[in-house]
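Here are the chains, one letter per residue:
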Number of protein chains: 2
Amino acid sequence: MELLNQHVTIRKFKNQTVPQKLIESVLYSGTRASTTGNMQVYSVIVTQEEKRRQELAPLHFNQPVAVNAPVLLTFAADFNRFSKWCQFNSAEPGYNNFISFITATIDALLVAQNVCVAAENNGLGICYLGTTTYNAGEIITLLDLPKLTFPVTTVALGYPDENPGLTDRIPLEGVIHYEKYVDYNETRIRELYAYKESLDSMKQFVTENDKETLAQVFTDVRYKKKDNEFFSEKMLKTLKDQGFME
Amino acid sequence: MELLNQHVTIRKFKNQTVPQKLIESVLYSGTRASTTGNMQVYSVIVTQEEKRRQELAPLHFNQPVAVNAPVLLTFAADFNRFSKWCQFNSAEPGYNNFISFITATIDALLVAQNVCVAAENNGLGICYLGTTTYNAGEIITLLDLPKLTFPVTTVALGYPDENPGLTDRIPLEGVIHYEKYVDYNETRIRELYAYKESLDSMKQFVTENDKETLAQVFTDVRYKKKDNEFFSEKMLKTLKDQGFME
């Protein structure tokens, strides 16, 4: 399927407004994704106002794409709406717990990916912001998200102003297991990552960061143990604050 | 986008093998989805053997679709492969924590949804099994999933042997918020759920379950507080067992 197979992340957008009807159309395609028990336990918060985008961008560490995209879509796990429906209908909701957060997270992410596919099919470009869960608490405050909601990812959206090539992937058989998971030994790992490590862009990445191996760029610079532990604790606290750990 | 907008869940499949090349092709489209830092922290376990499917189905509570689908795809968050790559390259991985589980879960779900879109584009039908996280520990044992992996969803795949209509959704504006989340009052909830509650199929659902309201079917029969609490505790324990809570 050409559209999916040619997906590239866009980080530079034209200074061009995305029509309201188009935003609604791609969001509608999002809502046609599968949803657990047809409960639709998600919400999407659309950020377009200049002022609001400037407030949201620092919570995504001011990544240029977060600063420059005309539209930011925050996808939230949402058991608030469904629980309110229960309460107004003589039913006692029991969704203030971890598994319900996970269920709603799955729902929200299927919507997000459908929105991205629909957006690209309409000539838009997208970039996922993996920073959403790092600063979930601050995003919750900024967007007025109530208890039993939790922002799980953000998509920057706009008309592409760049045309990057496809990024590398490890060979397909490296991520698939037939019948049973076959664990990876050193030989297999070296085979699977050889192409990635051989790329000039990756070699440059190692040099620029003054590291010996590409893996060290990830462990020592990009996704550090200390940061992961900090954000894990922070996220678990926010999950508790949002009422999902009762 | 017609393909996304016409999505229906298929629970009855033809007794027809899905060609290996087609499975690989839709999985390839999955791997073209966005992935955090291009780390590809996911794996897909393909279950096709009759014996293995019969072992897996009870872990999905023997839903007919789990029993009858010719292919089950288990999508797992996977920081095992990436961590091994780090270890074999003089880098100290720090991904045995909650935020890394969430990051890998997001990765796995974007792949899953792309796979579903690609499958439908090739005439296949799909059904998500929301039961995966309920019995994650048992699925881990059956599929030999190592530490730092976790099954987050399963997709049943095959050639459709039914042609169901589109399911209902609440009005689009009910799941979208512009700039700030606007919480729902009773009037708004009643407006949003009126159509769903008016459907004959839903009224029948209420009668069949001997309930007064549709919401009670969810809280008292389908997604009960007690069950949610049980599966929350179970999942958190399995997350710990898999090394994601250190």
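Going by an unreviewed UniProt entry, chain A carries the name NADPH-dependent oxidoreductase and comes from Mariniphaga sediminis. UniProt's Sequence similarities (unreviewed entry) comment on chain A is quoted here verbatim: "Belongs to the flavin oxidoreductase frp family."

A. Expanded view of the overall build of chain A. Each helix and strand in chain A was counted, giving eleven helices and five strands. The C-alpha radius of gyration of chain A comes to 20 Å, within 12% of the 18 Å expected for a compact globule of 246 residues. If one aligns the C-alpha atoms of chain A with their principal axes, the spans along those axes are about 60 × 45 × 35 Å. Put simply, 77% of the contacts in chain A that link residues at least 6 apart link residues at least 24 apart. Put simply, chain A shows about 9,800 Å² of open surface, and 50% of that area lies on carbon and sulfur atoms. Placing the 25 positive and 30 negative side-chain charges of chain A at their respective mean positions leaves the two points 3 Å apart.

B. Focus on the environment of Val18(B). Residue and element names in this part refer to chain B. Structurally, Val18 can be placed in the loop between helix H1 (2-5) and helix H2 (20-31). As a C-alpha pair, Val18 and Gln48 span 30 residues in sequence and 9.5 Å in three-dimensional space. With sequence-adjacent residues up to four places away left out, Val18 is seen in contact with Ile23, Gln48, Pro70, Val71, Leu124, Gly158 and Tyr159.

C. Inspection of the relation of the copies chain A and chain B at higher detail. In the superposition of chain A on chain B (RMSD 0.0 Å, axial shift 0.0 Å), the rotation amounts to 180°. The transformation relating the two chain copies, once decomposed into turn and shift, fits a two-fold axis. Taken as a fraction of all interface residues of chain A, those also at the interface in chain B reach 100%, which identifies the copy contact as same-surface.

D. Seen up close, the sheet that holds strand E1 (residues 42-47) of chain A. What the five strands build is an open sheet, ordered E3(A)-E4(A)-E2(A)-E1(A)-E5(B); its pairing is mixed. Edge positions in the open sheet fall to strand E3 (125-129) of chain A together with strand E5 (176-178) of chain B, since each of these has one partner strand only. On average, adjacent strands in this sheet sit at an angle of 25° to one another, irrespective of strand direction.

E. Representation of the nonpolar core. Core analysis: the largest hydrophobic core is formed by 181 residues, its most contacted members being Leu73(A), Phe82(A), Phe101(A), Phe150(A), Leu73(B), Phe82(B) and Phe101(B). Ignoring anything within four residues of it in the chain, the contact list for Phe82(B) reads Tyr193(A), Phe218(A), Met39(B), Val41(B) and Tyr95(B).

F. Here's a closer look at the interface of chain A and chain B. The interface of chain A with chain B comprises 112 residues on the first partner and 112 residues on the second. Carbon and sulfur atoms make up 58% of the surface buried where chain A meets chain B, a total of about 10,600 Å² over both sides. It is Arg32(A), Trp85(A) and Glu179(A) in chain A that bury the most area against chain B; as a group they hold 9% of the surface buried on that side. One can count five salt bridges joining chain A with chain B. In this structure, Lys180(B) and Asp144(A) form a salt bridge, with 4.0 Å as the shortest nitrogen-oxygen distance. The interface formed by chain A and chain B includes 70 residue pairs in polar contact (both at pLDDT 80 or more). Broken down by element, the side of chain A that touches chain B gets its largest block of residues, 13 residues, from helix H6 (residues 98-121) of chain A.

G. Seen up close, the pattern of salt bridges. Counted by the stated rule, this structure contains 29 salt bridges over all chains. Lys225(A) is the partner of Glu229(A) in a salt bridge, and the nearest nitrogen-oxygen pair spans 3.4 Å. Separated by four residues within a single helix, Glu229(A) and Lys225(A) lie in helix H11 (residues 225-241), roughly one turn from each other. Of the residues examined, Glu229(A) reaches a relative accessible area of 33% and is grouped as partly exposed. Overall, Lys225(A) belongs to the partly exposed group, its relative accessible area being 33%. A single salt-bridge network, built from bridges that share partners, covers Glu49(A), Lys51(A), Arg52(A), Glu55(A) and Glu179(B).

H. Representation of the packing of aromatic side chains. Evaluated as defined, the whole model comprises 33 aromatic pairs over all chains. Taking the centre distance of 5.8 Å and the plane angle of 70° together, the rings of Phe82(A) and Tyr95(A) count as edge-to-face. One end of the pair, Phe82(A), is in helix H5 (residues 80-87); the other, Tyr95(A), is in the loop between H5 and H6, with 13 residues separating them in the sequence. Since its relative accessible area comes to 3%, Phe82(A) is described here as buried. With centroids separated by 5.9 Å and ring planes inclined at 70°, the aromatic side chains of Phe218(A) and Trp85(B) adopt a geometry described as edge-to-face.

I. Up close: the packing of helix H10 (residues 214-222) of chain A against helix H5 (residues 80-87) of chain B. Their axes nearest at 8 Å, the elements H10(A) and H5(B) cross at an angle of 110°. Regarding the angle of H10(A) to H5(B), the classification is roughly perpendicular. Contacts between H10(A) and H5(B) involve Leu214(A), Ala215(A), Phe218(A) and Thr219(A) on the former and, on the latter, Phe82(B), Trp85(B) and Cys86(B). Of the residues belonging to the contact of H10(A) with H5(B), the class tally is six nonpolar, one polar and no charged.

Definitions and cut-offs
Residues numbered from 1 in each chain as written. Chains lettered and ligands numbered in written order. Predicted model: local features only at pLDDT ≥ 70, side-chain atom pairs only at ≥ 80, totals over all residues. Heavy atoms only, no water. UniProt positions renumbered as here; feature names shortened; annotations may be inferred. Helix = DSSP H or I, 4+ residues; strand = E, 2+ residues; numbered from the N terminus. Rg over C-alpha atoms; globule rule 2.2 N^0.38 Å. Contact = heavy atoms within 4.5 Å. Areas by Shrake-Rupley, 256 points an atom, 1.4 Å probe, with all protein chains shown as cover. Lys, Arg positive; Asp, Glu negative; His and termini not counted. Charge placed at Lys NZ, Arg CZ, Asp CG, Glu CD. Least-squares fit on C-alpha atoms with pLDDT ≥ 70 in both. Pairing = 2+ DSSP bridges. Axes fitted to C-alpha atoms, helices over the stretch in contact; angles between N-to-C directions. Core = buried A, V, L, I, M, F, W, Y, C linked by side-chain atoms within 4.5 Å. Buried < 20%, exposed > 50% of the residue type's maximum accessible area, 1.4 Å probe, protein only. Buried area = accessible area lost by both parts, 1.4 Å probe. Salt bridge = Lys/Arg side-chain N within 4 Å of Asp/Glu carboxyl O. Polar contact = N/O pair within 3.5 Å; in protein donor to acceptor, adjacent residues only side chain to side chain. Phe/Tyr/Trp six-rings, centres within 6.5 Å; stacked < 30°, edge-to-face > 60°. Parallel < 35°, antiparallel > 145°, perpendicular 65-115°, else oblique. Nonpolar A, V, L, I, M, F, W, Y, C, P; charged D, E, K, R; others polar.

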